[in-house]
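Reading the structure
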Number of protein chains: 2
Amino acid sequence: MINNTARRGEYAYVLHKVGIRSSSLDDVYRTLITVEGLSRWWTSDTRGESKVGGVIQFRFGSGGFDMKVLELQPGKRVLWQVVDGPEEWLGTKISFDLKQNGDWTIVLFKHEGWKEPVEFMHHCSTKWAVFLLSLKSLLENGKGRPWPDEIKLDSWE
Amino acid sequence: MINNTARRGEYAYVLHKVGIRSSSLDDVYRTLITVEGLSRWWTSDTRGESKVGGVIQFRFGSGGFDMKVLELQPGKRVLWQVVDGPEEWLGTKISFDLKQNGDWTIVLFKHEGWKEPVEFMHHCSTKWAVFLLSLKSLLENGKGRPWPDEIKLDSWE
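This write-up is about the structure you can find in this document. (Residues numbered from 1 in each chain as written. Chains lettered and ligands numbered in written order. Predicted model: local features only at pLDDT ≥ 70, side-chain atom pairs only at ≥ 80, totals over all residues. Heavy atoms only, no water.)

**What about the environment of Glu 150 of chain A?**
Residue and element names in this part refer to chain A. Following the sequence through the fold, Glu 150 ends up in the segment after α4 (119-141). The sequence separation of Glu 150 and Phe 58 amounts to 92 residues, and the corresponding C-alpha distance is 15 Å. Contact partners of Glu 150, with chain neighbours within four places excluded, come to Lys 127, Val 130, Phe 131, Arg 145 and Glu 157. A distance of 3.0 Å separates the side chain of Glu 150 from the side chain of Lys 127, its partner in a polar contact. Engagement of the side chain of Glu 150 in a polar contact is seen with the side chain of Lys 152, the distance being 2.9 Å. (Helix = DSSP H or I, 4+ residues; strand = E, 2+ residues; numbered from the N terminus. Contact = heavy atoms within 4.5 Å. Polar contact = N/O pair within 3.5 Å; in protein donor to acceptor, adjacent residues only side chain to side chain.)

Right, dumping it as structure tokens:
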């Protein structure tokens, strides 16, 4: 059955792009598919198995997300699905598509499957940008700002 | 007539949120409704009339946007509509909704009316985050990073 809510969910996504100067597809890809790489730009408390069918645990103090790895295309694409975490995230998919543009590596990011444009979606959209800028900084300057050192957007963080 | 493109457009939006520490609704509102305030966090080349029915010109070197001011609710809400600029932006609406949360002022941002999730939408979404973090920095630390000093996301910027 198609209803307005389902239709809304189908098209509610968070989109981002970061271009990373003087980097290669391989360098960027490695930071997205290794627990060590992920822990240097998203959350310092990252564990699990980054292989197709494996689950990666991202923790931020009391809460966090479990992501099942659905696709790994070397130097090209990473796709995860949320299998545990806040209700609004359950079942949503997160992808990173990479391409080269001269000396820059471009990361096109999508987090799709949000059902409603709730305030938490506003929060998570900007938070994704904060962490993707941390990824850019890690690769350009050697230093990211993973949780718990990232920019805070609200008093409860 | 309703078709898939129109339906998609209806629900394609960029959402963001920034919380600004130790600030008041009035302080944040002023940076959104004065040419001087806007020029300290978005683009240093901002001109025009920020009053309901007026048009504000935002310039970034060769290109830019003209925004018609549709709503100004003191300490609460600002709404603009794009009347000149890139094709993807024409007719889209941009809103800032403000609320207080203890010592923080929360800005809920929405840019709605995008027709398709094109790469330029990815770019603009992250760019909005970059500038909203500049707004946060301006109010928290007295220094924003408006164009041309903001973080660049691609080689063509």
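**Some details on α4 of chain A**
Here α4 of chain A spans 33 Å end to end across 23 residues, near enough to the 33 Å set by a 1.5 Å rise per residue. Counting buried residues in α4 of chain A gives 17 out of 23 residues, a clear majority hidden from the surface. (Expected span 1.5 Å × (residues − 1). Buried < 20%, exposed > 50% of the residue type's maximum accessible area, 1.4 Å probe, protein only.)

**Considerations on the pairing of strand β5 (residues 77-84) of chain B**
Residues and elements named next belong to chain B. Looking at chain direction, strand β4 (residues 63-73) and β5 are connected through 7 bridges and run antiparallel. Its bridge partner lying in β5, Leu 72 is registered against Val 78. Hairpin connection of β4 to β5: 3 residues between the antiparallel strands, including Gly 75 at a positive phi of 70°. The sheet contact formed by β5 and strand β6 (residues 93-101) spans 5 bridges and is antiparallel. Each bridged residue has a counterpart across the sheet, and for Trp 80 the counterpart in β6 is Ile 94. (Pairing = 2+ DSSP bridges.)

**Focus on the interface of chain A and chain B**
Chain A puts 34 residues into the contact, and the matching count from chain B is 34 residues. Counting the surface lost from both chain A and chain B, the interface buries some 3200 Å², and carbon and sulfur atoms represent 60% of this. At the junction of chain A with chain B, the criterion picks out 4 salt bridges. The salt bridge involving Lys 99 of chain B is made with Glu 119 of chain A; its shortest N-O contact spans 2.6 Å. Of all elements in the fold, only α1 (4-10), β1 (12-21), β6 (93-101), β7 (104-114) and α4 of chain A reach the threshold of two or more residues within the side of chain A that touches chain B. Among the elements that line the side of chain A that touches chain B, the one with the most residues is α4 of chain A, at 10 residues. Here the side of chain A that touches chain B is composed, by residue class, of 17 nonpolar, 8 polar and 9 charged. (Buried area = accessible area lost by both parts, 1.4 Å probe. Salt bridge = Lys/Arg side-chain N within 4 Å of Asp/Glu carboxyl O. Nonpolar A, V, L, I, M, F, W, Y, C, P; charged D, E, K, R; others polar.)

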